[in-house]
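Summary of the model geometry
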Amino acid sequence: MGRAISDSTTSEVLVRLNRRFEPDELREMVVLQKEFKIFSSKHTLRQSFALLGIVPADRSERERWYRFLDKLYTYKSDLQGVNGHDRVVKALADAFEAAQPSPVYFIVHQASEDDRIVVTSGRPIIFSLVNYSIVSIPTTPSRVARERAATSHGSEARRRRSECFGRRRRCEHCISRSRPRANLFRCRSLLRRPRAKYGATPLGVDWSCQATQSLRFVQLLKICDFSAAISLNDVGCGCGALCALLAVRHPECEIDYLGIDLSKAMISRARRRFSTPGHRFVVGKVSPRLADYSVASGIMNVNVGYPRAVWEGFIATMLRGLRHTSRRGFGVNFVSEMMIAEATAAQSKVGLYCTDPEPWIRYCEDELGCAVEMLDNYGMKEFTLLARCKHGLAE
Ligand SMILES: C[S@@+](CC[C@H](N)C(=O)[O-])C[C@H]1O[C@@H](n2cnc3c(N)ncnc32)[C@H](O)[C@@H]1O
């Protein structure tokens with residue numbers, strides 16, 4: 001927007017924002033907001049949008065996008081005493097926390113006409129059936145912003161250059177004291193402004209959406225009683241992201257964690273990030289040990305080209321493995337059958353396994369001797385089964 005990000009990145013992030021906050025995503029956003037307070041004074045927009053995966057696809061543009069979001073602190077808004085950044089946070093929090101939540105739509109307007117961030121309500125697209133909260137951000141076309149910047153940068157450079165010449169012998173902007181003229185064009189302040197140093201983004205841009213990943217964990221962990229020390233198997237642990245969530249949500253509980261994944265690369269990454277005596281990782285398909293609880297997030301979803309019946313045979317084996325290695329219970333999630341109706345041809349090509357909960361509830365109850373609780377009210381197109389072990393499993 002303006003000089004901060006290119007016009008094409010502006011278009012891209014507007015699409016991403018408007019897809020993420022559209023009516024179809026509203027239920028999920030309401031649950032995420034309730035669970036993690038994503039939009040609140042606890043988080044900056046750079047953190048919240050990274051968490052939701054609202055970042056330009058081009059990695060080189062991401063830092064500029066983040067800088068733009070930080071710059072919103074210097075913008076004015078339609079609320080007296082509230083800066084632009086906090087106004088956007090408030091608009092999103094209000095929309096998702098309202099008794100009647102509303103989707104949110106981002107647009108831009110000419111900064112020359114109104115330099116404030118303005119929030120209104122209405123139907124921004126012709127086919128809207130519901131009211132949106134509309135956030136409008138003042139912007140200046142890149143070309144205009146660049147021309148202005150060039151003009152002001154030119155006069156600043158001239159001012160500093162004349163200072164350097166005026167002093168002749170000593171210049172804080174020049175590398176050398178003795179030859180100010182010769183070093184004029186190596187004068188650091190004339191060549192470039194110091195770059196702000198930003199640390200690595202903790203929210204990890206490698207994930208398409210860390211927020212929904214965490215929301216899945218929150219559902220699965222409902223199987224656990226954290227009031228005393230526990231052991232926990234995480235089957236299909238990936239990079240071990242669950243460890244980070246456990247540290248934040250259950251710091252008081254002593255957890256003996258074992259991550260299992262069939263990918264060596266994933267296990268190496270997980271070890272690099274989270275290895276401690278209480279966090280171990282092994283390559284494998286089944287846990288090598290019996291633990292109080294097991295969770296498995298996302299391991300049933302991609303059927304890697306197997307016919308449905310064959311894949312369901314694998315799922316039964318995986319569930320049996322989870323039961324065998326869990327003393328008290330296990331949690332597992334599936335993409336729900338509802339998805340099938342909505343799935344595009346592209347999705348079905350990827351080989352997404354979608355299912356109705358019924359057969360797997362029955363399997364866990366009848367074949368594995370569990371009492372099953374089904375969770376499907378967390379805003380996502382999937383469900384979680386919490387299987388509590390009633391008694392030992394006959395071999
Ligand atoms: C979608 S990722 C989810 C990773 C992690 N659970 C999370 O939510 O961040 C699925 C992971 O499960 C692993 N996986 C799939 N089937 C598995 C199996 N039968 N045993 C162990 N790991 C499995 C894959 O290698 C992959 O890392």
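Moving on, we get to the overall build of the protein chain. Summing up its helical and strand segments, the protein chain has 14 helices and 12 strands in all. Split into buried and exposed, the 395 residues of the protein chain put 31% on the buried side. Contacts spanning at least 24 positions in sequence make up 65% of the contacts within the protein chain whose residues lie at least 6 apart.

What follows covers the nonpolar core. Counting 41 residues, the largest nonpolar core has Ile223, Val295, Phe330, Val332, Cys364, Leu385 and Ala387 as the members making the most contacts within it. In contact with Phe330, not counting residues within four places along its chain, are Ile223, Tyr293, Ser294, Val295, Leu322, Arg323 and Ala387. Leu32, Trp65, Leu69 and Phe96 belong to the second-largest nonpolar core, a separate cluster that totals 37 residues.

Residues other than glycine seldom take positive phi values, yet Lys37 does so here, at roughly 50 degrees. With respect to the element layout, Lys37 can be found in the loop between helix H2 (26-36) and helix H3 (45-51).

Our focus in this paragraph is the sheet that holds strand E1 (residues 76-77). Spatial ordering of the open sheet is given by E1-E3-E4-E2, a layout of four strands whose pairing is mixed. Looking along the sheet, the strands with just one partner apiece sit at the ends: E1 and strand E2 (104-110). Pairing analysis gives seven bridges linking E2 to strand E4 (residues 132-139), with the strands arranged parallel. Each bridged residue has a counterpart across the sheet, and for Gln110 the counterpart in E4 is Thr139. Here helix H5 (residues 84-97) sits on the sheet and contacts E1, E2, strand E3 (116-122) and E4; the angle it forms with E3, its principal contact strand, is near 20 degrees.

With that out of the way, let us pick up the environment of Ser128. Inspection of the secondary structure puts Ser128 in the loop between E3 and E4. Judged by local crowding, Ser128 falls into the partly exposed class, with 14 C-beta atoms found within 10 Å. Each C-alpha atom of the pair Ser128 and Pro23 lies 9.2 Å from the other, and the pair is 105 residues apart in sequence.

What follows covers the packing of H2 against helix H8 (residues 210-220). Look at H2 against H8: their axes get within 11 Å of each other, and the N-to-C directions meet at 70 degrees. For the element pair H2 / H8, the angle class is roughly perpendicular. Residue-level inspection shows Glu28, Val31, Leu32, Glu35 and Phe36 of H2 in contact with H8, the latter providing Ala211, Thr212, Ser214, Leu215 and Val218. Its residues assigned to classes, the contact of H2 with H8 shows six nonpolar, two polar and two charged.

Another point: the environment of Thr74. Examined against the element boundaries, Thr74 turns out to sit in the loop between helix H4 (59-71) and E1. For Thr74, a count of 9 C-beta atoms within 10 Å gives the class exposed. Considered as a pair, Thr74 and Gly84 are 10 residues apart in the sequence and their alpha carbons are 6.9 Å apart.

About the thresholds
Residues numbered from 1 in each chain as written. Predicted model: local features only at pLDDT ≥ 70, side-chain atom pairs only at ≥ 80, totals over all residues. Helix = DSSP H or I, 4+ residues; strand = E, 2+ residues; numbered from the N terminus. Buried ≥ 20, exposed ≤ 12 C-beta atoms within 10 Å, placed from the backbone. Contact = placed C-beta atoms within 7 Å. Core = buried A, V, L, I, M, F, W, Y, C linked by C-beta atoms within 7 Å. Pairing = 2+ DSSP bridges. Axes fitted to C-alpha atoms, helices over the stretch in contact; angles between N-to-C directions. Parallel < 35°, antiparallel > 145°, perpendicular 65-115°, else oblique. Nonpolar A, V, L, I, M, F, W, Y, C, P; charged D, E, K, R; others polar.

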